[in-house]
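Structure assessment
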Amino acid sequence: MEHNPHSIGNARMLHPDDPALHLIGDSAAIEEVRSLIRHAAATTIPVMITGPSGCGKEVVAKALHRCSARSAEKFVGVNCGAIPRDLLESELFGHEKGSFTGAIAQRKGQFEDASKGTLFLDEIGDMPFDMQVKLLRVLEEKQIERIGGTQSIAIDTRIISATHQNLEEAIATKRFREDLFYRLSVFPIDIPALKDRREDIAPLIRHFIKQIGGEEICFSAEAMDALENYAWPGNARELRNIVERAVVLFPGVMISESQLSSLFRRRASNAPTHHRHALPSSYAGGGEVRPFRTTTDENSYDRGTLGDGFDLKKHLMQEERKYLLSALRMAEGVVAEAAHLVSLRRTTFVEKMRRHKIVRKMALTDHRSELVRRE
Ligand SMILES: Nc1ncnc2c1ncn2[C@@H]1O[C@H](COP(=O)(O)OP(=O)(O)OP(=O)(O)O)[C@@H](O)[C@H]1O
């Protein structure tokens, strides 16, 4: 058992610097999450954080790390869905020099790097099935072997995983190993969607305004009402983006309900209104702005474009990459929505992202887009 004097007890007994308080929200659901963080932080048991995309899973993981006795050590985040299969094993477990083409030097993996600290396995539901077997073995034996290595290395790494997927469903369809699921989710923490904890919207707006800096903004009572009634398909991430836009477009201004539509640039028709019955049903069609336009007609290419080394396969790959990135940007990093924008299944979209080495967070405005994030 690890103990941290600041992490145990209820909110009233807490030190004002309690890292769990960095998790913003006044709802009962967030209060419950804070309480779970404090309990989990006093142990090293594996925690699995679930909730829809953008709801704050990484914020919770970091709060848990900061609350724990490991807070002085590293927090290392790995996005299991964004790293190509071939690289993931080396990313997690490291490799010895010469163990494969391109392994020009020995490299420690994230498990070793985060030893004594916390390893955050984000998007665990996207981990390839064969890697799941390897991960399970490591968790059971508490030791790793670098690729091409001959000796086992003991590790003392706290594991927090997260997913927006329904892993029970993934288990039923044999995409996720049941034994690994039970190993990782000893202590589950579920974060509800923002639409189910509307009390958090106002404090989150205040928090984001402070975090972003710049001139103060505020929303009229009707505008606040509309924001509190909106469906927030992108959850807190979408709210943050709206606040960012508001700070740029309306510095020092009281924002009215009618001005909100300019903040919701994705789909003007989906902008919130304070009439509950008029609320956008999150991705309903009517009046959608069409994201992509065809720029050329059939038969319109001539010798000027073709010939001279024109490579159709390469060209199509480049175009595909542009479409994927644009869709991701328009969907503000919500993969399911981006896939919907280009009429692909989510899994196909993720597969294409892997092929193009696209990281979901490349599309986000807060530029936290690395494969591996460190604190
Ligand atoms: N309760 C919260 N308090 C403070 N900031 C929050 C909270 N929830 C979300 N955020 C902010 O919203 C954005 C998205 O949060 P985060 O990246 O943690 O979501 P996530 O659930 O991990 O997303 P994904 O599933 O896409 O990985 C971040 O900018 C984060 O700082």
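Further up the page is the structure itself.
First, a word on what this report is: a plain description of the structure on this page. (Residues numbered from 1 in each chain as written. Predicted model: local features only at pLDDT ≥ 70, side-chain atom pairs only at ≥ 80, totals over all residues. Heavy atoms only, no water.)

Things to note about the pattern of salt bridges
- Taken as a whole and assessed by the stated rule, the structure comprises 18 salt bridges.
- A salt bridge links Arg85 to Glu89, with the nearest nitrogen and oxygen atoms 4.0 Å apart. One end of the pair is Arg85 and the other is Glu89, both in helix H3 (residues 85-93) and four residues apart, which spans about a single turn.
- The class for Arg85 is partly exposed, based on a relative accessible area of 24%.
- A residue is classified by how much of its surface remains accessible, and Glu89, at 18% relative accessible area, is buried.
- Put simply, Arg146 and Glu112 hold a salt bridge, and the shortest N to O gap is 2.9 Å. (Salt bridge = Lys/Arg side-chain N within 4 Å of Asp/Glu carboxyl O. Helix = DSSP H or I, 4+ residues; strand = E, 2+ residues; numbered from the N terminus. Buried < 20%, exposed > 50% of the residue type's maximum accessible area, 1.4 Å probe, protein only.)

Notes on the packing of H3 against helix H5 (residues 129-141)
- Interhelical geometry of H3 versus H5 gives an angle of 10 degrees and a closest axis separation of 11 Å. Classified by the angle their axes make, H3 and H5 are roughly parallel. Facing Arg85, Leu88, Glu89, Leu92 and Phe93 of H3, the residues of H5 in contact are Asp130, Met131, Lys134, Leu135 and Val138.
- Per-class residue counts for the contact of H3 with H5 are six nonpolar, no polar and four charged. (Axes fitted to C-alpha atoms, helices over the stretch in contact; angles between N-to-C directions. Parallel < 35°, antiparallel > 145°, perpendicular 65-115°, else oblique. Contact = heavy atoms within 4.5 Å. Nonpolar A, V, L, I, M, F, W, Y, C, P; charged D, E, K, R; others polar.)

Some words on the pairing of strand E5 (residues 118-122)
- For E5, the tally of buried residues reaches five of five residues, placing the bulk of the element in the interior.
- Burial along E5 is two-sided: Thr118, Phe120 and Asp122 facing one way and Leu119 and Leu121 facing the other are all buried.
- As paired strands, strand E2 (residues 75-79) and E5 are joined by five bridges and run parallel to one another. Across the sheet, Val78 pairs through a bridge with Leu121, a residue of E5. (Pairing = 2+ DSSP bridges.)

Side note on the site of the ligand
- In the vicinity of the ligand, 22 residues are found, and the nearest of them are Ile24, Ser53, Lys57, Arg237 and Arg360.
- One of the backbone N or O atoms of Gly54 is found 3.0 Å from an oxygen atom in the ligand.
- Between Lys57 and the ligand, the recorded distance is 2.6 Å, taken from a side-chain N or O atom to an oxygen atom.
- Going through the elements one at a time, helix H2 (57-67), helix H8 (201-212) and helix H10 (235-249) are the ones with two or more residues in the shell around the ligand.
- Looking at the shell around the ligand, its residues break down into eight nonpolar, five polar and nine charged. (Near = heavy atom within 4 Å. Polar contact = N/O pair within 3.5 Å; in protein donor to acceptor, adjacent residues only side chain to side chain.)

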